[in-house]
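# An overview of the molecular structure
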Amino acid sequence: MALGVPGVLGSAPTSSTVLGSPPQVITHVNIIDATGSPVQRDMSVTIEGNRIVRIAKSGKAKPPANARVLNAQGKFLIPGLWDMHVHTVFGDWIPGGKEVSLPLFVANGVTGVRDMGGDLETLLEWRAQIAAGALLGPRMMIAGPMLDGPKSRFPSSLSITSPEAGRKAVDDLKAQAVDFVKVQSFIQRDAYFAVADEAKRLGMVLAGHVPDAVRASEAVAAGQKSIEHLTGVFEGCSTAEDKFLQGTKGPLRFLQTYDASRCATLIATFARNHTWQVPTLVWERGQWLIDVTDISRDPNLKYAPLSWQQRSWPQFTKGILADLDTDPVRDRRRFVHKELEMIRAMRNAHVPLLAGTDTAAGVDVLPGFSLHTELEYFVEAGLSPMEALQTATRNPAEFLGLLSETGTVEKDKTANLVLLDANPLEDIRNTRKVRAVFLNGRLLTRQDLDQLLDRISAFAAGH
């Protein structure tokens, strides 16, 4: 029987797919498997439970007798997307994670996230409920509280006062089953190296900011696996790096002291050590140009709770304008362009890249929607549409050590998939044209997704 949206994928109702349910077969679909291979046209994909069990040419595929068949002629199937830098529950800064952020990811085809700092007890509960199918949301990889300096400005943080305290924090997080350790900008130099050493001893991944008192090259040597927001990068590309380790810095000074040869050396170090970069270009552009950006025209504002728009975002804006956006806007615009040039240089040097947005802890950085914008910025920076798509599919799976089970559309992999109305390799903006989502084997049609969005906007309007 056919399933899906009337006139597109049939008209029968949709239900969650669980073990023991009939197989699902997507026929006549064009597969973009995210391995780098060309589009596989007119294919048939069979899903049993939450696994892809067969991929074949539609003309050669015979669906099982009891299968639910989805005719996806003219559509494009890609792996489920990952946002590799999110905050879903972050003290009282961004309430509504369960009611807004988690389902909004799914509605946009984001089936996996890396939570870069949040309230651990809640995150552990959500991670377990999602894995059990009791809560609708993406697969979650979590750090729990961020490790920061003695006087952290952020919620969901541990204030590390000494190297010994840093080691103990890593030990405690390991015991609580976090997936990795996240460091923030203000952690002190000696404490950072103690954290890095303890994480290495315990076999834990270290990720996050390059702290203000640490060089990017030193973070690489310490074994930090990913660097967020290009922290430490422009410092390392500067003739004033020593001064930046101890004093103020900003876009104009980065531009004035930029040294191409130093930058080439640093980028080569990233490539040689396979140090992943998560530039969060959406957040960066939103931050540096916050005073000249009109967010009122964003049609997706209706999904942002009133508390975000009326309390959180004004507070964020006030802090950014006071502490960060102190250079003239023309220089900040130049710096945003320079960041794109940096990504192009990294891409050319084969530095591994991941898509992340820093949602929802940014003004108008909306869960799900902003990931599509991040992919567009990657293309603007010089990546091919395939390379951009891989930053949110194959690359996250490789980074997380999950490539054997997810990240590409291949036999025996988990059925986290997104069905699109148009080809994203022709225009990366087509990743926004979501027709259906398979979340761990569960089919959500366009009708299901629209109903989900309606519930989110109704919640947002009252909260």
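The structure contained in this document is the topic of the report that follows.

So, how was this worked out
- Residues numbered from 1 in each chain as written.
- Predicted model: local features only at pLDDT ≥ 70, side-chain atom pairs only at ≥ 80, totals over all residues.
- Heavy atoms only, no water.
- Pairing = 2+ DSSP bridges.
- Helix = DSSP H or I, 4+ residues; strand = E, 2+ residues; numbered from the N terminus.
- Right-handed = clockwise from strand over helix to strand, strands pointing away.
- Salt bridge = Lys/Arg side-chain N within 4 Å of Asp/Glu carboxyl O.
- Buried < 20%, exposed > 50% of the residue type's maximum accessible area, 1.4 Å probe, protein only.

### A closer look at the pairing of strand β8 (residues 139-142)
- Of the strand pairs in this sheet, strand β7 (residues 110-115) and β8 are connected by four bridges, and their pairing is parallel. For Val 113, the partnering residue across the bridge sits in β8 and is Met 140.
- Each parallel crossover has a hand, and for β7 linked through helix α2 (residues 120-131) to β8 it is right-handed.

### Side note on the pattern of salt bridges
- Within the structure shown, the criterion is met by 29 salt bridges.
- Across the pair Arg 215 and Asp 242 runs a salt bridge, and its minimum N-O distance is 2.5 Å. Here Arg 215 is found in the loop between β12 (206-208) and α5 (216-221), whereas its partner Asp 242 is found in helix α7 (residues 241-244), with 27 residues between them in sequence.
- Of the charged contacts, one joins Arg 332 and Asp 325 as a salt bridge, the two residues approaching to 3.3 Å between their closest N and O atoms.
- In this structure Asp 325 comes out as buried when scored by relative accessible area, which is 6%.
- Through salt bridges that share partners, Arg 167, Asp 197, Glu 198 and Arg 201 make up one connected network.

### Comments concerning unusual backbone geometry
- Here the residue pair Thr 359 and Ala 360 is connected by a cis peptide bond, since its omega of -5 degrees sits within 30 degrees of zero.
- By the element assignment, Ala 360 lies in the loop between α12 (329-348) and α13 (369-381).
- Positive phi outside glycine occurs at Asp 364, with the angle close to 60 degrees.
- As for its placement among the helices and strands, Asp 364 is situated in the loop between α12 and α13.
- Residue Asp 364 is classed as buried on the basis of its relative accessible area, which comes to 17%.

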